[in-house]
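Breakdown of the fold
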Amino acid sequence: MGSVPRDEPSGVSLSRVAETDQRPPGREVLHMLAPQASDCNTCVVYGDDVGQSLLDQVEDAERELRAAAEADRAGGPDGSDADLQRYFDEVIAADQKIEPRDWIPEAYRKGLVRQIAQHAHSEIIGMQPEGNWISRAPSLKRKAILLAKVQDEAGHGLYLYAAAETLGVAREELVQMLLDGRQKYSSIFNYPTLTWADIGAIGWLVDGAAIVNQVPLCRCSYGPYARAMIRICKEESFHQRQGFEILYTLANGTGAQRRMAQDAVDRWWYPSLAMFGPPDTASTHSEQSMAWKIKRFSNDDLRQRFVDMCVQQASVLGLAIPDPDLRWNAERGSYDFTDPDYDELFRVIKGNGPCNRQRMAYRHRAYDDGAWVREAAAAHAAKRRAEAA
Ligand code: BYC
């Protein structure tokens, strides 16, 4: 790997972490938080950006999806090209869902395949930075939780590949496009996880950013993607909570643990802001994507929501957000903040982040190592077909 940085623990003593992390964190944390009850319910601590918890928004979206599935779809197209387009436009305008049976413009299909595939690849590559800590988690309980979380990410990848397949592209094709660099994954997973506190920061900030970005996708105009997002968001909310709780434990531990937690937040803050993509002025897909109701909010709107949500949560954690210019703007009713370095984002997207080569080398190896499983499954399926014939 040459000079590519690897995910390795920094100098902070892990044995120290392992010792103190054995305290019964669940009950203790709840006791500590109790005096701030109004500030630590799920709405405020875990994200109440618009007066309604993010999970409530997911439930609303789920109800709407059911209603859309049951809605009368009379007035369908007569088969002519103009009528197919009219019907598509009407379904989008009425906030109904486009389903795999429906005609869709080719550009809508391509845009969705691009976004869903990139999202699926992100879930799969996203297992690596956290997987790095499974064998070094500071307690059996932490290890079991992390294992379950990393498995959830694999599941998210699979729901998303399945949603993309409904658009007429095979999962194998998408995987090949990731492997040969034609498709991307989120910039965030090209940063190393240097200490145990990074697992907390990923849960709190990376999963937090993911939820803010993904809850609106539960209302995406494409039914299979919206349905996958409902389940993913429910699971992501637990992921965010486990990260928050790891950081809370460290922030209230020894001086070294507290410094480790702050150091992780310092390193993950700006890359998390960059997850939302380039600023609106430089976003190539937003306008069309929003017109088609794939994206429901712009990159900058979601980034702002995320910052507003994190400020409250950071104060409960007792950790600082590493932005000297972060301050409340009463006129806008939001926090002013420093943008991430977008040149760095584009460098990372182009393959020049700290861990890009390592992540892809690992993915290639895992794919090659899994060849025998794919061959065995194909041979078994062929045998079953032959038996049934
Ligand atoms: N990283 O026109 P724009 C997770 C690209 S997984 C890389 O604004 P769009 C988790 C963009 O693709 C979280 N590339 O694009 C998993 C485009 O390039 P192309 C993943 C980025 O699509 C495991 C160009 O820049 N979440 O949570 O309108 C463990 C111009 O951008 C990035 C999703 O995938 C980036 N950060 O908006 C823990 C959510 N940003 O394709 C957690 C679904 C931009 O033209 N995706 N680019 O070559 C989306 O919501 C949207 O695709 C984005 C970008 C907001 C990311």
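Residues numbered from 1 in each chain as written. Predicted model: local features only at pLDDT ≥ 70, side-chain atom pairs only at ≥ 80, totals over all residues. Heavy atoms only, no water.

This part takes up the confidence of the model for the protein chain. Per-residue pLDDT for the protein chain has a mean of 87; in total, 86% of the residues score no lower than 70. Across residues 1–6, where pLDDT falls below 50, the model places 14 contacts with residues more than four positions away in sequence or in other chains. (pLDDT = per-residue confidence, 0-100. Contact = heavy atoms within 4.5 Å.)

Aromatic ring pairs are reported here in terms of the distance separating the ring centres and the angle at which the planes meet. The full count for this structure, using the stated rule, is nine aromatic pairs. Centre to centre, the rings of F88 and W103 are 6.3 Å apart; their planes meet at 90 degrees, and the pair counts as edge-to-face. Note that F88 is positioned in helix α5 (residues 81–93) and W103 in the loop between α5 and α6 (106–125), a separation of 15 residues in sequence. A relative accessible area of 1% places F88 in the buried class. On the numbers, 5.5 Å between centres and 45 degrees between planes, the contact of F276 with F306 is tilted. Residue F276 is found in the loop between α12 (255–274) and α13 (286–291), and its partner F306 is found in helix α14 (residues 299–317); the two are separated by 30 residues along the sequence. The rings of F88, W103, Y108 and W292 are connected pair by pair, giving a single aromatic cluster. The lysine or arginine in question, R241, covers the ring of F238, its NZ or CZ lying 6.0 Å from the ring centre. Lying over the aromatic face of Y367, R374 brings its terminal NZ or CZ to 3.7 Å of the ring centre. (Phe/Tyr/Trp six-rings, centres within 6.5 Å; stacked < 30°, edge-to-face > 60°. Helix = DSSP H or I, 4+ residues; strand = E, 2+ residues; numbered from the N terminus. Buried < 20%, exposed > 50% of the residue type's maximum accessible area, 1.4 Å probe, protein only. Lys NZ or Arg CZ within 6 Å of the ring centre and 35° of its normal.)

Attention now moves to unusual backbone geometry. Phi is positive for D95, close to 60 degrees, though the residue is something other than glycine. Phi is positive for K293, which is not a glycine, with a value near 60 degrees. Note on placement: K293 falls in the loop between α13 and α14.

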